Amino acid sequence: MTTTPTVPRATAVAARATELTKVYGQGETQVVALDRVSVDFRQGEFTAIMGPSGSGKSTLMHCVAGLDSFSSGSVRIGDTELSALKDKQLTQLRRDKIGFIFQAFNLLPTLTAMENITLPMDITGRRADQAWVQKVIDMLGLSGRLKHRPTELSGGQQQRVAVARALASRPEIIFGDEPTGNLDSRSGAEVLGFLRNSVRELGQTVVMVTHDPVAASYADRVIFLADGRIVDEMLRPTADGVLDRMKAFDTKGRTS
Ligand SMILES: Nc1ncnc2c1ncn2[C@@H]1O[C@H](COP(=O)(O)OP(=O)(O)OP(=O)(O)O)[C@@H](O)[C@H]1O
Ligand SMILES: [Mg+2]
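Conventions and cut-offs
Residues numbered from 1 in each chain as written. Chains lettered and ligands numbered in written order. Predicted model: local features only at pLDDT ≥ 70, side-chain atom pairs only at ≥ 80, totals over all residues. Heavy atoms only, no water. Helix = DSSP H or I, 4+ residues; strand = E, 2+ residues; numbered from the N terminus. Rg over C-alpha atoms; globule rule 2.2 N^0.38 Å. Buried < 20%, exposed > 50% of the residue type's maximum accessible area, 1.4 Å probe, protein only. Contact = heavy atoms within 4.5 Å. Areas by Shrake-Rupley, 256 points an atom, 1.4 Å probe, with all protein chains shown as cover. Core = buried A, V, L, I, M, F, W, Y, C linked by side-chain atoms within 4.5 Å. Pairing = 2+ DSSP bridges. Near = heavy atom within 4 Å. Polar contact = N/O pair within 3.5 Å; in protein donor to acceptor, adjacent residues only side chain to side chain. Nonpolar A, V, L, I, M, F, W, Y, C, P; charged D, E, K, R; others polar. Phe/Tyr/Trp six-rings, centres within 6.5 Å; stacked < 30°, edge-to-face > 60°. Lys NZ or Arg CZ within 6 Å of the ring centre and 35° of its normal.

Caption draft 1: Broad picture of the overall build of the protein. For the protein, the helix and strand inventory stands at 8 helices and 10 strands. Whereas a compact globule of 256 residues would reach a radius of gyration of roughly 18 Å, the protein reaches 18 Å, a difference of no more than 12%. Along the longest, intermediate and shortest principal axes, the C-alpha atoms of the protein span 50 × 45 × 40 Å. Here the protein, with 256 residues, has 48% of them falling under the buried criterion. Long-range contacts, defined here as pairs at least 24 residues apart, represent 69% of the contacts in the protein between residues at least 6 apart. For the protein, the exposed surface amounts to about 12,500 Å²; the carbon and sulfur share of it is 48%.

Caption draft 2: Fine view of the nonpolar core. Counting 46 residues, the largest nonpolar core has Phe46, Ile117, Leu140, Leu142 and Val222 as its most contacted members. The element contributing the most residues to this core is helix α5 (residues 155-168), with 7 residues. Once residues within four sequence positions are removed from consideration, Leu140 is found in contact with Arg160, Val163, Ala164 and Phe194. Counting 27 residues, the second-largest nonpolar core is a separate cluster that includes Leu20, Leu34, Val37 and Ile223.

Caption draft 3: Structural detail: the pairing of strand β10 (residues 229-235). Bridge count for strand β9 (residues 221-226) against β10 is 6 bridges, and the pairing is antiparallel. By the bridge assignment, Ala226 is partnered in β10 with Arg229. The turn linking β9 back onto β10 is made up of 2 residues, and Asp227 within it adopts a positive phi angle of 50°.

Caption draft 4: The site of ligand 1, seen in detail. Near ligand 1, the surroundings consist of Tyr24, Val31, Ala33, Pro52, Ser53, Gly54, Ser55, Gly56, Lys57, Ser58, Thr59 and His211. Here an oxygen atom of ligand 1 sits 3.2 Å away from a polar atom, N or O, in the main chain of Ser55. Sorting elements by how many residues they give to the shell around ligand 1 places helix α1 (residues 57-64) first, with 3 residues. Split by residue class, the shell around ligand 1 holds 4 nonpolar, 7 polar and 1 charged.

Caption draft 5: Geometry of the packing of aromatic side chains. With the rule as written, the count across this model stands at 1 aromatic pair. The ring of Phe224 is capped by Arg245, whose NZ or CZ atom sits 5.6 Å from the centre of that ring.

Caption draft 6: Representation of the pairing of strand β1 (residues 13-24) within the structure. Note that β1 and strand β2 (residues 31-42) share 8 bridges and pair antiparallel. The residue bridging Val23 from the neighbouring strand is Val32, located in β2. The antiparallel hairpin formed by β1 and β2 contains 6 residues in its connecting segment, where Gly25 sits at a positive phi of about 70°. As defined by bridge partners, β1 adjoins strand β4 (residues 72-77) across 5 bridges and the pair is classed as antiparallel. Bridging across to β4, Thr18 finds its partner in Ser74.

Right, dumping it as structure tokens:
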């Protein structure tokens, strides 16, 4: 690996949640989805978020990504405090600094792969960094597919286009909510490999929610949520290690 200035220092924080709390509803129907969660997502690091269904994984991701409001605590993206922003500024920050990969890829059917990849930048009138976009396309093995429309691509290829779209604008941080959930294991492994490479080779920061211990093993670390709290963290996870940790949850009587 080369140490070009484009690779950020491993110690800088891309996003930080401090005492983040999210309460849904009121009175009897009140749900504490996040209970004073504090976590750092460092630049150039790949984090997986795991935990039983309903433990708050999506809520954590949505709150940190500025897609959802929170009840108390604070969230920082880079040096920017989210609660200090007006709606319009928040929308702008999401657009400029954050990439999303959703389970449904949200590709536009009438556009080619290339048009889908540069769409977010085209909408906002930003000029794509051609060299960067080409690097991303090469890394994802999409060069021969750029003129194809989504229906002319396999599921794995479509997902790679969605990954390329998230990477193209070079966001500060990429969030994925089970980004490989709909893929067969081979396509899933491909996409995870690309995400890992984007972290290793391009210095990208990635946060991914997953239920799959194998998917989690691609990350640099796993944080485990239960009942809206971080209950454990694992560095350099292996699939077996993650599986064992999940079994420990089950034996405590938690449902998933
Ligand atoms: N809009 C909402 N209104 C009320 N409660 C909600 C809402 N969204 C989520 N919740 C509750 O907040 C808790 C956390 O939900 P969240 O979607 O973050 O879980 P999750 O860990 O992502 O689960 P899964 O693995 O099933 O996707 C759950 O108890 C859920 O029922
Ligand atoms: Mg979820």
